[in-house]
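# Tertiary structure, described
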Amino acid sequence: MLLFIISISHLFFSENFEYILYKSPANILASSPPVPALISITAFSAENDQDPILQSTPEEFREFSEAMQGRWMSEIIWIHDWPGYGERGDTVTGYAEWQIGLDGKVVNGREYIGPGSGRSILYYDEYRKQITDHVVTSGGNVFVHYIYKDNGEWNYKITGSTGDGKEITGSAIRYISDQGQTHRWVGEMFIDCLLYTSDA
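Residues numbered from 1 in each chain as written. Predicted model: local features only at pLDDT ≥ 70, side-chain atom pairs only at ≥ 80, totals over all residues. Heavy atoms only, no water.

For the protein chain, the count of helices and strands is 2 helices and 11 strands. Counting from the amino terminus, helix and strand elements in the protein chain follow one another as β-α-α-β-β-β-β-β-β-β-β-β-β. Relative to its full complement of 200 residues, the protein chain shows a buried share of 46%. A separation threshold of at least 6 residues defines the contact pool for the protein chain, and within that pool the share at least 24 residues apart is 53%. (Helix = DSSP H or I, 4+ residues; strand = E, 2+ residues; numbered from the N terminus. Buried < 20%, exposed > 50% of the residue type's maximum accessible area, 1.4 Å probe, protein only. Contact = heavy atoms within 4.5 Å.)

In terms of nonpolar packing, the biggest core is built from 27 residues, with Phe-64, Trp-82, Leu-122, Ile-131 and Ile-158 touching the most fellow members. Contacts of Phe-64, omitting those with residues within four sequence positions, involve Leu-122, Ile-131, Ile-147, Trp-154, Tyr-156 and Arg-174. (Core = buried A, V, L, I, M, F, W, Y, C linked by side-chain atoms within 4.5 Å.)

With that out of the way, let us pick up the pattern of salt bridges. Counted under the stated rule, the structure contains 5 salt bridges. Taking the shortest distance from any N to any O, the salt bridge between Arg-110 and Glu-97 comes out at 2.5 Å. In this pair, Arg-110 sits in strand β4 (residues 106-113) while Glu-97 sits in strand β3 (residues 91-101), placing the two residues 13 residues apart along the sequence. Here Asp-125 ties to Arg-128 by a salt bridge, and the two come within 3.1 Å at their closest N and O atoms. The residues Asp-125 and Arg-128 share a single accessibility class, namely buried. Salt bridges here are not isolated pairs; linked through shared partners, they connect Arg-71, Glu-97 and Arg-110. (Salt bridge = Lys/Arg side-chain N within 4 Å of Asp/Glu carboxyl O.)

When strand β6 (residues 130-137) meets strand β7 (residues 142-150), the two strands line up antiparallel, connected through 6 bridges. By the bridge assignment, His-134 is partnered in β7 with Val-144. A loop of 4 residues connects β6 with β7, the two strands running antiparallel in sequence, and Gly-140 in this loop sits at a positive phi of about 85 degrees. Bridge count between β7 and strand β8 (residues 153-161): 9 bridges; the pairing is antiparallel. Bridged to Tyr-148 within β8 is Asn-155. (Pairing = 2+ DSSP bridges.)

With that settled, the discussion passes to unusual backbone geometry. A negative phi holds for most residues other than glycine; trans holds for most peptide bonds. One non-glycine residue, Asp-103, adopts positive backbone phi at about 55 degrees. Relative to the helices and strands, Asp-103 is located in the loop between β3 and β4. Here Gln-179, not a glycine, exhibits a phi torsion of approximately 55 degrees, which is positive.

It is worth spelling out the pairing of β8 at this point. Adjacent in sequence and paired antiparallel, β7 and β8 are bridged by 2 residues, among which Asn-151 carries a positive phi angle near 55 degrees. In sequence, β8 turns back onto strand β9 (residues 167-177) through a hairpin of 5 residues, with Gly-165 there showing a positive phi of about 85 degrees.

With that out of the way, let us pick up the side chain of Asn-155. Tracing the backbone shows Asn-155 in strand β8. You can call Asn-155 buried: its relative accessible area is 10%. Reaching out from Asn-155, the side chain makes a polar contact with the backbone oxygen of Glu-153 at a distance of 3.0 Å. Dropping the residues within four chain positions of it, Asn-155 is found in contact with Tyr-146, Ile-147, Tyr-148, Asp-150, Ala-172 and Ile-173. (Polar contact = N/O pair within 3.5 Å; in protein donor to acceptor, adjacent residues only side chain to side chain.)

All right, on to helix α2 (residues 58-68) then. Burial in α2 covers these residues: Phe-61, Phe-64, Ser-65, Ala-67 and Met-68. Taken around the axis of α2, the buried residues stretch over an arc of 160 degrees, which confines them to a single face. (Arc of directions from axis to C-beta.)

Within the secondary structure, Gly-139 sits in the loop between β6 and β7. In this structure Gly-139 comes out as buried when scored by relative accessible area, which is 16%. C-alpha separation for the pair Gly-139 and Gly-84, spaced 55 residues apart in sequence, amounts to 3.9 Å. The residues touching Gly-139, leaving out its near neighbours within four places in the chain, are Pro-83, Gly-84, Tyr-85 and Gly-163.

Put into structure tokens, the structure is as follows:
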């Protein structure tokens, strides 16, 4: 993200971007209507197939799934215009829910951010040995994140496109604290090769 729909939170203007998610009470999304699952199929470039840096183990996928599961809430200040979500400088509240399914083979996410919403599917690719997260939003923004652990932190390689057809690339780190109750997502993102960053 500057809209990483699944995990969203405080964004500040400066050198990199940051999202902070807080575990929310169990009833936050209880009244939300059920939403059909959305599955996205995306072509992978050959460079991801054999890159050992991006690889993870099934045990790391289970660890990450447990860390993501639950209901989350955040406050967001957009640092870029996002189709379907708002314009640069807008402040919105975000809610997200991640649930482990299919006997631990997948984590399904649903997000509600201001006027927009998103769906995600997180899974472990046995062939590529990668934790992969697909995100599709109501504004037409799509993301594919490759997630791996490095130096004890969860790293993201970000790819995707905006709803108005601009390429997205970047990287981020998810810092988990407060016994898993707070997540900070910090990094940098390029949209059509232009750097968009923020920092607390």
